[in-house]
Amino acid sequence: DGWTPVFAKKGPSFMNNSIKTILGIKDPYLKLDEKNFDNPIEDQPNQIIVHLIQTYPMHCPKCGHLMCKNGYKTVNCLGPELHFKPTIWSIKKQKYICKASSSCPEVVTKLAAVEDIHYRNHISLAIKQRAMMLLTKNESQSDLAKELNVSDWTIRRVITNLDQFFKPNYHWLPRHIAFDDFKSGRFAPSGMSMILMNIENKRTLDIILSRKNSYLRKYFLRYDRSARLAVQTVTVDLYTPYRHLIHELFPHALIIADHFHIVAQAYRAFNKIRIQVMNRAGAGTHKWRALKHFWKLLLTPANELKYDNYWSRRNFSYAQLTDVEVIHRLLSFDNELKRAYEYYQNLILVIAHRSKKELKNLLAIKWTQLPQALQKVQRTLRRHKQEIYNSFKYDTYTNGPVEGTNNKIKVIKRTAYGFRNFFNFRIRILLALPNTYIAINWRNKQTAHAKVQAQAA
């Protein structure tokens, strides 16, 4: 005779189980206290109170006999929010007593435990698990705490408890690794830390506190010798102090000079020369304004310049000029700038063509014939010539993914307004990078734990 609610058809037990599912309650003994309350779920203006009761048969830990029930103790705990309001679980926990007897020489008292809440805690595991999931997002800890209606320290404790899942596997290293430094914070010596990555599949292995050789040596010596011997290539920048350390720790590995850092050497030197020419011309002059306005065009690879499209150039009396013609006019300002530009463009071509012959010809130029800023670049490239050859052989291995990860870390730091603790900083990075081995292991352990709980239920 009309529509009947599903709950009414299924009965009160179905309603109870459905509400428990909504509340995130997994303990089979924890139930709504419907005997003592007409409405066990109170919807108050600022919060929701759920009245629950926890009771089950308990055996004495001393004698093993069934304990007697001895009243209740009400405990308030924070559960997942409902209707965008904080939810308080008001749990009546059963108290138990085992009186002194021949088999049990002293009085034993116990209190019913709740599976969803750790001992002496007042926050449900559902909230802590939710906090773990939200930590993977790029949000500050203060915002996460407000969203979950908990304190900042609760979020910090959640991060601390994740330490067991975020330990590197010291028995294994991939065949091809890369590492690079990045600006971390005051907690690191010199303010620089390291990213360690499997460059073959672009997965982050770990975040290392310091880039100093003494610290890196201690860190990598934790790995088994067999794991370090398995490393075939190490991709790094042109920072010289790393070389001796790499040969010591990874004796079978070839060192690959990263393409980005090779070109960056000449990029920075050429830009420095451009600024010197501007300063010599004087602020506000025609040369100064032209070199300042077209700085991106000067640093653009020559094969990407437009030679058939004309634009009105304000810095050259609104003449219709292509990109190539503008470059010719800029280089006519200074011979030193012209030589630096030719060297910079030739290096870009060498890296693009992966040509040993072209590299030999470039490095054969006497460094005394180059502008002063490029002389250091020439000496550096000569010193790392073999490593550049290795980069031509393994041309797919670059520090590009590491630099991308560095940009992601900058965003994390900016959102959090900086970090004062490396431990929290490292875990937030590894959580935010979903392709890290550590994050994958953590997700696998979470899935396995969920399966065990499902089977037990």
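Placed above this text is the structure.
Just so you know, these numbers come straight off a predicted model, no measurement behind them.

Student: Can you walk me through the environment of Arg186 in this structure?
Tutor: Within the secondary structure layout, Arg186 lies in the loop between β7 (176-183) and β8 (192-198). A relative accessible area of 81% means that Arg186 is categorised as exposed. Linking Arg186 and Asn421, residues 235 residues apart in sequence, is a C-alpha distance of 9.0 Å.

Student: What's the story with the nonpolar core in this structure? I'm lost.
Tutor: Note that soluble globular proteins tend to have their nonpolar side chains buried in a common cluster. Within the largest apolar cluster, 44 residues are counted, with the highest numbers of intra-cluster contacts made by Leu330 and Leu381. Breaking this core down by element, the ones donating at least two residues are α9 (259-281), α10 (286-293), α11 (295-299), α12 (323-331), α13 (335-353), α14 (356-363), α15 (372-383) and α16 (385-393). Sort the elements by how many residues they give to this core and α13 lands first, with nine residues. Excluding residues that lie within four positions of it along the chain, Leu330 makes contacts with Ala290, Leu291, Phe294, Leu298, Phe316 and Leu337. With 42 residues, the next largest nonpolar core counts Val158, Ile159, Phe166 and Ile409 among its residues.

Student: Would you mind going over unusual backbone geometry with me for this structure?
Tutor: Peptide bonds are trans in most cases, and residues, glycine excluded, mostly fall at negative phi. The backbone phi angle of Asn149 is positive, close to 60°, even though this residue is not glycine. Looking at where Asn149 falls in the secondary structure, it is placed in the loop between α4 (141-148) and α5 (152-161). We classify Asn149 as partly exposed; its relative accessible area is 33%. Backbone geometry at Arg354 places phi at a positive 55°, although glycine is not the residue there. Positionally, Arg354 belongs in the loop between α13 and α14.

Student: Quick question: what am I supposed to make of the pairing of β8 here?
Tutor: The two faces of a sheet get side chains in turn, since along a regular strand they alternate between them. Counting buried positions over the seven residues of β8 gives seven, a clear majority of the element. Side chains Met192, Met194, Leu196 and Asn198 project from β8 onto one buried face, and the interleaved Ser193, Ile195 and Met197 project onto a second face that is buried too. Of the strand pairs in this sheet, β7 and β8 are connected by seven bridges, and their pairing is antiparallel. Pairing of Ala178 across the sheet is with Met197, part of β8. For β8 and strand β9 (residues 203-208), the ladder comprises five bridges, and the chain directions are antiparallel. Residue pairing in the sheet places Met197 in a bridge with Thr204 of β9. The hairpin turn running from β8 into β9, its antiparallel successor, is four residues long, and Lys202 in that turn takes a positive phi close to 60°.

Student: Quick question: what am I supposed to make of the sheet that holds strand β11 (residues 254-257) here?
Tutor: The pairing of strands in a sheet comes from backbone hydrogen bonds and takes either a parallel or an antiparallel form. Pairing in this open sheet of five strands is mixed, and the strands run β9-β8-β7-β10-β11 from one edge to the other. Edge strands, defined here as strands with exactly one partner in the open sheet, are β9 and β11. Averaged over neighbouring strand pairs, the angle between their axes works out to 25° when direction is ignored.

Student: Explanation requested: the side chain of Thr322 in the structure shown.
Tutor: In this fold, Thr322 is placed in the loop between β13 (319-321) and α12. Relative accessible area serves as the criterion here: at 2%, Thr322 is assigned to the buried category. For Thr322, the contacting residues outside a window of four places in its chain are Lys306, Tyr307, Asp308, Asn309, Tyr310 and Arg313.

Student: Sorry, what's going on with the pattern of salt bridges here?
Tutor: Side-chain pairs of opposite charge can arise whenever the charged atoms involved come near each other. Summed over all chains, the structure comprises ten salt bridges. Asp43 is paired through a salt bridge with Lys85; the nearest N and O atoms lie 2.9 Å apart. Taken together, the positions of Asp43 in strand β2 (residues 41-43) and Lys85 in strand β5 (residues 85-98) put the pair 42 residues apart, joining distant regions of the chain. The residue Arg217 makes a salt bridge to Glu248 at a minimum N-O spacing of 3.1 Å.

Student: Explanation requested: α15 in the structure shown.
Tutor: The periodicity of an α-helix, 3.6 residues per turn, causes residues three or four places apart in sequence to face the same way. Counted at 1.5 Å a residue, the expected span for α15 with its twelve residues is 16 Å, and the 18 Å between its end C-alpha atoms agrees. Residues of α15 that are buried include every one of Ala373, Leu374, Gln375, Val377, Gln378, Thr380 and Leu381, and no others. The secondary structure elements touched by the buried residues of α15 are α9, α13, α14 and α16.

Student: Help me out: how do you make sense of the packing of α9 against α10 in this one?
Tutor: Two measures define how a pair of helices packs: the angle their axes make with one another and the distance between the axes. Running from N to C, α9 and α10 point in directions that differ by 155°, and their axes come no closer than 8 Å. Considered as vectors, α9 and α10 are oriented roughly antiparallel to each other. As for the relative orientation of α9 and α10, their crossing is left-handed in sense. For the pair formed by α9 and α10, the contact residues are Arg274, Val277, Met278 and Ala281 on the first element and Lys287, Trp288, Leu291 and Lys292 on the second. Across the contact of α9 with α10, the residue classes break down as five nonpolar, no polar and three charged.

Reading the values: rules and limits
Residues numbered from 1 in each chain as written. Predicted model: local features only at pLDDT ≥ 70, side-chain atom pairs only at ≥ 80, totals over all residues. Heavy atoms only, no water. Helix = DSSP H or I, 4+ residues; strand = E, 2+ residues; numbered from the N terminus. Buried < 20%, exposed > 50% of the residue type's maximum accessible area, 1.4 Å probe, protein only. Core = buried A, V, L, I, M, F, W, Y, C linked by side-chain atoms within 4.5 Å. Contact = heavy atoms within 4.5 Å. Pairing = 2+ DSSP bridges. Axes fitted to C-alpha atoms, helices over the stretch in contact; angles between N-to-C directions. Salt bridge = Lys/Arg side-chain N within 4 Å of Asp/Glu carboxyl O. Expected span 1.5 Å × (residues − 1). Parallel < 35°, antiparallel > 145°, perpendicular 65-115°, else oblique. Left-handed = near helix turned anticlockwise from the far one by under 90°. Nonpolar A, V, L, I, M, F, W, Y, C, P; charged D, E, K, R; others polar.

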